[in-house]
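Descriptive analysis of the structure
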Amino acid sequence: MGAHAMRNAAAVVGVGHTSFGRLPGQTPYDLGAWALREALADAGLKHTDIDGLIVSRVPDYQRFGEMLGINPRYTAITPGQGRMSGASIQMAAMAIAAGMANVVALVYGNDGRSVGEKYGGENDRYGGGDGGLWFPYGMTSPGAAHAIMFQRHAELYGTTSEQMAAVSVAFRKHASMTPHAVMRNPITVEDHQNSRFIVEPLHLLDYCLINDGGVALIVTSAERARDMAKKPVYIRGFGQGTELAGSNLPPDDFWHAPMASAAKDCFRMADVTHADMDALMVYDNFTPTVLFSLEGAGFCPIGESGRWVQGGRLELGGEFPTNTSGGHLSESYMQGWALNVEAVRQLRGETGQRQVKDAKLVFYCCAAPLCTSIIYGSDAQ
Amino acid sequence: MTASSAYLPPGLPTPAADLDDLGFWEHCNRRELRIQRCSACGHFRHTPMPTCPACRSMDFTWAEVPGTGTVFSHTIAHHATHPALRGFGPYNIVVVLLDGADDVRMVGNVVDVAADEVHIGMKVVLHWEATAEGGYLPRWRRA
């Protein structure tokens, strides 16, 4: 089966999530079960309809299946890394196309806020990096790695902190129109510039939130999708690329090569162009990642993202409304999962005040040592 | 050298050697900066790992390098991401491209300049800092 045969082979028919914020006393299993209940209700399905299960950051697929009393035909678990949300959704589409499952539940649960996760300290190796060789130097957070990467970008291309501010301001504006977002008070470029440095040149407002929550999606075959409670959203194209070699330090190329590969395969499968995209969902652990992703995915020339994001281009009403629910910076730190939910809701026309008019195609991407991209479509063309 | 001359406060995780990087730290404790070098193709690699990413050979030596390099990138850390850093800072974190070791880069600090004086392209030389455990940690000074 070639890539083209995968186009629109699977569709998202249910999305759901918990409330976001501080949810003490809830484990990732609780949060995942809550989100899954919402997603199944959204799809008009029951737990017993699930015949495929992929969990992420829910620590154990066996316990999750045990507590729900389900025996899916196909089961997988992915590491609790943001890059794995897109990868997991792609696995679901492939499992369905391969005939291994027909109704795949994707479940994510994150209790990082309540357990005091700081994304630093001894357990943090940013994927493959050898933390033991970083920590004695006070490099104990992914933020430092991204600051170091941004500093290279600034040196090579003249990118500035004020340009990053445009990303924060746009996403906060969108969050202000998102009832479930954690941070909803609009901010200005000045607010961004006046927020304290965490790892200079990154300010507090260049950082994602850390909060608790769970997200679930239900993916099924295009054929089955036609009978669901809501209008299906088709997985029209997807791609992946990696830069694992040398990945113990931030990459020289800002992940341009793997992101370009992921985007190229995705656009080819979907048979659409960048200009066709009505909205973008760009993984925003830190604002520089958004800039690097837009360059790698081909939305703007290499090195020009700083200027490109100026002037409201990423805001609702702009050329490419991006992270229309506020993203990780303002909506919720759901490691890509909630961005995929927002893509689905935009294409269903369910997003109220923040709705992109007549949205038909939405592009998701995540830049990391493993880059992913997905194009969602409102019809099966 | 006394503990009070350390660049960062005590209490940060000290090198926790695993099977791969034990040799690196053992040499550091003798004030020798040695980097893993493939015996088959001569390629330098860091952080320490079992195979040469260039040729997949598993044979290697710990090859001494000149101990000079260039700042590839840097940041200034303000926020205490570790309890030991509370009330401390700002301090610099650098990535140094080593001389004489292919594309090997190391995370470190430049100990003798203000945090905001570090810049990309700055030449640095090795600085051995005594650790509380009686060993040595490689940091950097302005060349």
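Up top you'll find the structure we're talking about.
First, a word on scope: everything that follows refers to the structure included in this document. Quantities reported herein were computed from a predicted structural model and do not represent experimental measurements. (Residues numbered from 1 in each chain as written. Chains lettered and ligands numbered in written order. Predicted model: local features only at pLDDT ≥ 70, side-chain atom pairs only at ≥ 80, totals over all residues. Heavy atoms only, no water.)

When helices and strands are tallied, chain A shows 13 helices and 11 strands. Here the C-alpha radius of gyration of chain A, 19 Å, is about what a compact globule of 381 residues would show, namely 21 Å. For chain A, the spread of C-alpha atoms along the three principal axes comes to 55 × 40 × 40 Å. Split into buried and exposed, the 381 residues of chain A put 65% on the buried side. Of the contacts made within chain A by residues no fewer than 6 positions apart, 74% connect residues no fewer than 24 positions apart. (Helix = DSSP H or I, 4+ residues; strand = E, 2+ residues; numbered from the N terminus. Rg over C-alpha atoms; globule rule 2.2 N^0.38 Å. Buried < 20%, exposed > 50% of the residue type's maximum accessible area, 1.4 Å probe, protein only. Contact = heavy atoms within 4.5 Å.)

Now for the pairing of strand β7 (residues 123-130) of chain B. All names here are of chain B. Taking burial as the measure, the eight residues of β7 include six buried ones, the bulk of the element. Relative to β7, strand β4 (residues 68-77) runs antiparallel, the two being bridged by three bridges. Bridge pairing links G69 to V124 in β7. Sheet topology places β7 next to strand β8 (residues 136-142); seven bridges connect them, and they run antiparallel. Of the residues in β8, the one forming a bridge with H127 is R139. From the end of β7 to the start of β8, which pair antiparallel, there are five residues, and G134 there has a positive phi angle of about 90°. (Pairing = 2+ DSSP bridges.)

Turning to the nonpolar core, a few remarks are in order. Core analysis: the biggest nonpolar cluster contains 88 residues, and A:M277, A:L294, A:F299, A:F363 and B:L98 have the highest contact counts within it. Ignoring any residue separated from it by four or fewer positions in sequence, one finds A:L294 in contact with A:L280, A:V282, A:F299, A:C300, A:W308, A:V309 and A:L314. By size, the runner-up hydrophobic cluster in this structure holds 46 residues, among which are A:A10, A:M177, A:V215 and A:F238. (Core = buried A, V, L, I, M, F, W, Y, C linked by side-chain atoms within 4.5 Å.)

A separate point is the sheet that holds strand β1 (residues 34-38) of chain B. Residue and element names in this part refer to chain B. On the basis of which strands lie adjacent, the open sheet formed by three strands has the order β2-β1-β3 and antiparallel pairing. Every interior strand has two partners, whereas the edge strands, β2 (44-45) and β3 (60-64), have only one. The pairing of β1 with β2 spans two bridges and is classified as antiparallel. Within β2, the residue paired with R37 across the bridge is F44.

Turning to the pattern of salt bridges, a few remarks are in order. Throughout the structure, instances matching the rule amount to 17 salt bridges over all chains. B:R142 is the salt-bridge partner of B:E117, the closest N and O atoms lying 3.0 Å from each other. Of this pair, B:E117 sits in the loop between β6 (105-108) and β7 while B:R142 sits in strand β8, and the two are 25 residues apart along the sequence. According to the relative accessible area criterion, B:R142 is partly exposed, its value standing at 38%. The structure contains a network of salt bridges with shared partners spanning A:D42, A:K230, A:R348 and A:E350. (Salt bridge = Lys/Arg side-chain N within 4 Å of Asp/Glu carboxyl O.)

Note on placement: A:G317 falls in the loop between α11 (305-308) and α12 (327-330). Using a relative accessible area of 81% as the deciding quantity, one classes A:G317 as exposed.

Considering all chains together, one arrives at zero disulfides over all chains under this definition. Summary of cysteine pairing: A:C366 is not part of a disulfide, and the nearest cysteine sulfur, belonging to A:C371, is at 7.1 Å. B:C38 provides the cysteine sulfur closest to B:C55, a residue in no disulfide bond, and the two sulfurs are 3.5 Å apart. (Disulfide = S-S within 2.5 Å.)

Moving on, we come to the packing of aromatic side chains. The final tally for this structure, using the stated rule, is 12 aromatic pairs over all chains. Judged by centre distance (4.9 Å) and plane angle (40°), the rings of A:F254 and A:F292 are tilted. Note that A:F254 is positioned in the loop between β8 (233-242) and α9 (256-270) and A:F292 in helix α10 (residues 287-296), a separation of 38 residues in sequence. Like A:F254, the residue A:F292 is buried in the burial classification. Between the NZ or CZ atom of A:R152 and the centre of the ring of B:F72, over which it lies, the distance is 3.8 Å. The ring of B:F72 carries B:R105 above its face, with NZ or CZ at 4.5 Å from the centroid. (Phe/Tyr/Trp six-rings, centres within 6.5 Å; stacked < 30°, edge-to-face > 60°. Lys NZ or Arg CZ within 6 Å of the ring centre and 35° of its normal.)

All names here are of chain A. The strand order β3-β2-β4-β7-β1-β8-β11-β10-β9 describes an open sheet built from nine strands, whose pairing is mixed. Both outer strands of the open sheet, β3 (74-78) and β9 (279-282), are each paired with one neighbouring strand and no more. Adjacent strand axes in the sheet meet at a mean angle of 25°, parallel and antiparallel pairs treated alike. Across the sheet, helix α4 (residues 83-97) lies against β1 (10-17), β2 (52-56), β3, β4 (103-110), β7 (213-221), β8, β10 (361-366) and β11 (370-377), angled at about 60° from β11, the strand it touches most. (Axes fitted to C-alpha atoms, helices over the stretch in contact; angles between N-to-C directions.)

Note on interface size: it is often stated as the accessible area lost on association of the parts. With 35 residues of chain B at the contact, the number on the chain A side is 29 residues. One can count one salt bridge joining chain B with chain A. The salt bridge partner of B:R105 is A:D252, with a shortest N-O separation of 2.7 Å. For the pair chain B and chain A, the number of links is 15 residue pairs in polar contact (both at pLDDT 80 or more). Those elements that place two or more of their residues in the side of chain B that touches chain A are α1 (22-29), β4, β5 (91-98), β6 and β8 of chain B. Of the residues forming the side of chain B that touches chain A, the biggest block, six residues, is contributed by β4(B). (Polar contact = N/O pair within 3.5 Å; in protein donor to acceptor, adjacent residues only side chain to side chain.)

Right, let's get into the side chain of B:H46. Within the secondary structure, B:H46 sits in the loop between β2 and β3. Sequence-distant contacts of B:H46, that is, excluding residues within four places in its chain, are made with A:L133, A:N248, B:F24, B:I35, B:V104, B:R105 and B:M106.

Right, let's get into α10(A). Residues and elements named next belong to chain A. With respect to burial, α10 is a largely interior element, 10 of its 10 residues being buried. The complete set of buried residues in α10 reads T287, P288, T289, V290, L291, F292, S293, L294, E295 and G296. Once α10 ends, the next one or two residues include G298, with phi positive near 90°.

Helix packing for two helices is described by the angle between their axes and how far apart those axes are. Residues and elements named next belong to chain A. It is the contact of helix α2 (residues 28-43) with helix α3 (residues 61-68), at a shortest axis distance of 11 Å, that shows an interaxial angle of 55°. On the basis of the axis angle, α2 is oblique to α3. Judged by the twist between their axes, the crossing of α2 over α3 is right-handed. In contact with Y29, G32, A33 and L36 of α2, α3 contributes R63, F64, M67 and L68. Tallied by class, the residues present in the contact of α2 with α3 amount to six nonpolar, one polar and one charged. (Parallel < 35°, antiparallel > 145°, perpendicular 65-115°, else oblique. Left-handed = near helix turned anticlockwise from the far one by under 90°. Nonpolar A, V, L, I, M, F, W, Y, C, P; charged D, E, K, R; others polar.)

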